[in-house]
Amino acid sequence: AGYDARVIDVKGAFLKGQFKNNKEIYMTVPEGFKKYYPNKNTWLQIMKPIYGLKQAGLYYYQKAKKTMQANGFEQSDADPCLFFAWRPEGIVIWVTCVDT
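Only a predicted model underlies this, so the values are computations on that prediction, with no experimental measurement involved. (Residues numbered from 1 in each chain as written. Predicted model: local features only at pLDDT ≥ 70, side-chain atom pairs only at ≥ 80, totals over all residues. Heavy atoms only, no water.)

S.K.: Quick rundown of the nonpolar core? Include the residues and the values.
M.R.: The biggest cluster of nonpolar side chains holds six residues, and these are Phe 19, Ile 25, Ile 46, Leu 53, Ala 56 and Tyr 59. With sequence-adjacent residues up to four places away left out, Tyr 59 is seen in contact with Gly 17, Gln 18, Phe 19, Lys 20, Lys 23 and Pro 49. Residues Tyr 61, Phe 73, Phe 83 and Ala 85 belong to the second largest nonpolar core, which totals five residues. (Core = buried A, V, L, I, M, F, W, Y, C linked by side-chain atoms within 4.5 Å. Buried < 20%, exposed > 50% of the residue type's maximum accessible area, 1.4 Å probe, protein only. Contact = heavy atoms within 4.5 Å.)

S.K.: Explain the environment of Val 95 to me, and be specific about the residues and the numbers.
M.R.: Within the secondary structure, Val 95 sits in strand S5 (residues 90–95). For Val 95, a relative accessible area of 54% puts it in the exposed group. Measuring from C-alpha to C-alpha, the distance between Val 95 and Lys 40 comes to 44 Å, with 55 residues separating the pair along the chain. In contact with Val 95, not counting residues within four places along its chain, are Cys 81 and Leu 82. (Helix = DSSP H or I, 4+ residues; strand = E, 2+ residues; numbered from the N terminus.)

S.K.: Could you give me a rundown of the sheet that holds S5, with the residues and numbers involved?
M.R.: An order of S3-S4-S5 is seen for the three strands of this open sheet, with the pairing classed as antiparallel. Two strands close off the open sheet at either side, each with one partner strand: strand S3 (74–75) and S5. Relative to S5, strand S4 (residues 82–87) is paired through six bridges, and the arrangement is antiparallel. Each bridged residue has a counterpart across the sheet, and for Phe 84 the counterpart in S5 is Ile 93. (Pairing = 2+ DSSP bridges.)

S.K.: A description of a nonpolar patch on the surface should follow, citing residues and the corresponding values.
M.R.: A contiguous nonpolar surface patch, about 450 Å² in accessible area, is contributed by Trp 86, Ile 91, Ile 93 and Val 95. No other element matches S5, which puts three residues into the nonpolar patch. By secondary structure assignment, the location of Ile 91 is in strand S5. For Ile 91, a relative accessible area of 39% corresponds to the partly exposed category. (Patch = residues over 30% accessible without salt bridge, like charges linked within 9 Å, V, L, I, M, F, W, Y side chains within 5 Å. Areas by Shrake-Rupley, 256 points an atom, 1.4 Å probe, with all protein chains shown as cover. Salt bridge = Lys/Arg side-chain N within 4 Å of Asp/Glu carboxyl O.)

In structure tokens, the structure reads:
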């Protein structure tokens, strides 16, 4: 029997993560938006992980892992990014890659 391989790209993947323990993270006003915030001391609270945030990949991975396990996938002992599940049709293997 052959294998069926698929590749998907999760659009806005980093936005799928969630901060832990109500963590508060702030950023300066981005270029292009400063005209809406005339006070130069304005800081914006980040409500979800965004691209460019050092922890964004980790938060996405934690959310993906939780989702995979909730759907019956087991995490590989050899590679934490590899998940697998046995189905009537055979084994399903999922490998996740966080591209920063």
